[in-house]
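Fold and geometry: a report
Here is how the chains run, residue by residue.
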Amino acid sequence: MTRRPAVLKPCEHPGKASAEDGVVLLDGPDGVAVAMTPDAAAQTAESLLRAAAQARASHGPAGNGDQG
Amino acid sequence: MITANVLRNRTAGELTEGERAILEAAVLETRLLPADQVAVRQGEPVNVSILLVHGFMTRRVDAADGRRHLVGGHVPGDFVDLHAYVLKKLDHDVAALTDATVAIVPHARLERIQSECESLTRRLWFLTLQDAAIHRQWIYRLSSLNAYQRIAHFLCEINARLLAIGASDGAVFELPMTQVDLGEVCSLTNVHVNRVLRQLRENELCTVRASRVEIHDLKALVAAGQFDSQYLFLNQQTAARACGLESR
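Keep in mind that this is a model prediction, so the values were computed, not measured.

If you tally the helices and strands in chain B, you get nine helices and ten strands. Computed over C-alpha atoms, the radius of gyration of chain B comes to 18 Å, within 12% of the 18 Å expected from 2.2 N^0.38 for 248 residues, which places it in the range of a compact globule. If you line up chain B on its principal axes, its C-alpha atoms span 55 × 45 × 30 Å. By residue count, 46% of the 248 residues in chain B fall in the buried class. For chain B, the share of sequence-separated contacts (at least 6 apart) that also reach a separation of at least 24 residues comes to 72%.

Now the structure itself:
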């Protein structure tokens, strides 16, 4: 019997952002598929960077703490 | 014949002549619905169910912010709201996507089928269970697949369902949906849909243009959408064709 992988672990692969028709498309990680205005995308990027810094600080230098 | 596509090429097997006669006799009338007409409104009491004979229909849920979500799609042979027989009102709208021909089956006649024909009752139950299986897969598609995979998966599903009723040859089929409709099925913006369709074309998997889908490489499209037709309960031959494993 195949063991299923642990569920709902933080994704280790980044999403991929691209520009299309004046809109920012974010594909992944996993099932993420979002379209944002440039302003919303820029604010999301800043928010992500801040959160990443906080997460690293709270979980040591590896920065990829196991939340499971 | 009104019931020609009901259970066609499914694992449940075709309707017997007797079952088909009973089901045909249960039809009160056929109606023509123009495209976009809502056939059943959310929350309104219903005492008939709709068998789709020709055309495409959808189930729609309108979000609080005004956005419309297409939460189900129906092709000929589908008993679109058979679950209303038990529920008596729906939690969503049912609408014609194209001009459609529907057969109206009063619940009183379904009641008679239930009391008098066990085998047909079981087949109708199969249809609602199959419907539920499709819904589960639509949840999976939105929660686990990215934009490219979602569109590929949906196109594979529609191809498979149309294959089963002879409306696709596995390479070409009519899909009367706009990019907005595709976006409402796959929870994607028009820009996202547009780009994915271009990528599918550039990767030589399929071309979607003017309500027509031309599949260039079905196996690759199946792989791109991580599509497995098991949830459609197609018979073995149709399931193989739906995944590009068997020639026409």
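There's more to say after this.
Residue and element names in this part refer to chain B. Residues Met57, Val102, Ile151, Leu155 and Leu221 are the most contacted members of the largest nonpolar core, which totals 75 residues. In terms of residues, this core owes the most to one element, helix α5 (residues 147-164), which gives twelve residues. Both domains that meet at this core, namely domain 1 (17-135) and domain 2 (145-242), each give it at least three residues. Discounting chain neighbours no more than four positions away, the residues touching Val102 are Thr30, Arg31, Leu33, Ala39, Ile50, Leu51, Leu52 and Val53.

To continue, consider the sheet that holds strand β2 (residues 23-27) of chain A. Read across the open sheet, the three strands follow the order β1-β2-β3 (chain A); overall the sheet is antiparallel. Edge strands, defined here as strands with exactly one partner in the open sheet, are β1 (16-20) and β3 (33-36) of chain A. Mean inter-strand twist for the sheet, computed between neighbouring axes without regard to direction, equals 20°. Of the strand pairs in this sheet, β2(A) and β3(A) are connected by four bridges, and their pairing is antiparallel. In the strand pairing of β3(A), Val24(A) is matched with Met36(A). With respect to the sheet, helix α7 (residues 190-202) of chain B is in contact with β1, β2 and β3 of chain A, its orientation differing from that of β2(A) by roughly 65°.

Moving on, we get to the sheet that holds strand β8 (residues 172-174) of chain B. Residue and element names in this part refer to chain B. The three strands are arranged β8-β10-β9 in an open sheet whose pairing can be described as antiparallel. The open sheet has two edge strands, β8 and β9 (206-209), and neither has a second partner. Averaged over all pairs of adjacent strands, the angle between their axes in this sheet comes to 10°, without regard to strand direction. Judged from the four bridges that link them, β9 and strand β10 (residues 212-215) form a sheet pairing that is antiparallel. When the bridges of β10 are listed, Cys206 appears paired with Ile215.

What follows deals with the interface of chain A and chain B. A common way to express how large an interface is: the accessible area buried when the components associate. If you look at the interface, chain A gives eleven residues, while chain B gives twelve residues. Of all elements in the fold, only β2 and β3 of chain A reach the threshold of two or more residues within the side of chain A that touches chain B. It is β2(A) that contributes the most residues to the side of chain A that touches chain B, three residues altogether. Residues of the side of chain A that touches chain B, tallied by class, amount to five nonpolar, two polar and four charged.

Turning our attention to the domain arrangement of chain B. All names here are of chain B. Looking at the assigned domains, one finds that chain B contains domain 1 (17-135) and domain 2 (145-242). One C-alpha centre belongs to domain 1, the other to domain 2, and the line joining them spans 24 Å. The interface is formed by 13 residues belonging to domain 1 together with ten residues belonging to domain 2. At the level of elements, β5 (68-74) and α4 (118-144) are the ones that each hand at least two residues to the side of domain 1 that touches domain 2. Per-element tally for the side of domain 1 that touches domain 2: the top contributor is β5, with four residues. Its residues assigned to classes, the side of domain 1 that touches domain 2 shows seven nonpolar, five polar and one charged.

With that settled, consider unusual backbone geometry. Backbone torsion omega between Gly28(A) and Pro29(A) reads 5°, so that peptide bond is classified as cis. The topology assignment puts Pro29(A) in the loop between β2 and β3. The backbone of Leu7(B) sits at a positive phi, close to 60°, despite the residue not being glycine. Turning to its location among the elements, Leu7(B) is positioned in the segment before α1 (17-26). With a phi angle near 60°, Glu204(B) is a residue other than glycine that sits in the positive phi range. A count of 10 C-beta atoms within 10 Å places Glu204(B) in the exposed class.

About the thresholds
- Residues numbered from 1 in each chain as written.
- Chains lettered and ligands numbered in written order.
- Predicted model: local features only at pLDDT ≥ 70, side-chain atom pairs only at ≥ 80, totals over all residues.
- Helix = DSSP H or I, 4+ residues; strand = E, 2+ residues; numbered from the N terminus.
- Rg over C-alpha atoms; globule rule 2.2 N^0.38 Å.
- Buried ≥ 20, exposed ≤ 12 C-beta atoms within 10 Å, placed from the backbone.
- Contact = placed C-beta atoms within 7 Å.
- Core = buried A, V, L, I, M, F, W, Y, C linked by C-beta atoms within 7 Å.
- Domains from an automatic or database assignment.
- Pairing = 2+ DSSP bridges.
- Axes fitted to C-alpha atoms, helices over the stretch in contact; angles between N-to-C directions.
- Nonpolar A, V, L, I, M, F, W, Y, C, P; charged D, E, K, R; others polar.

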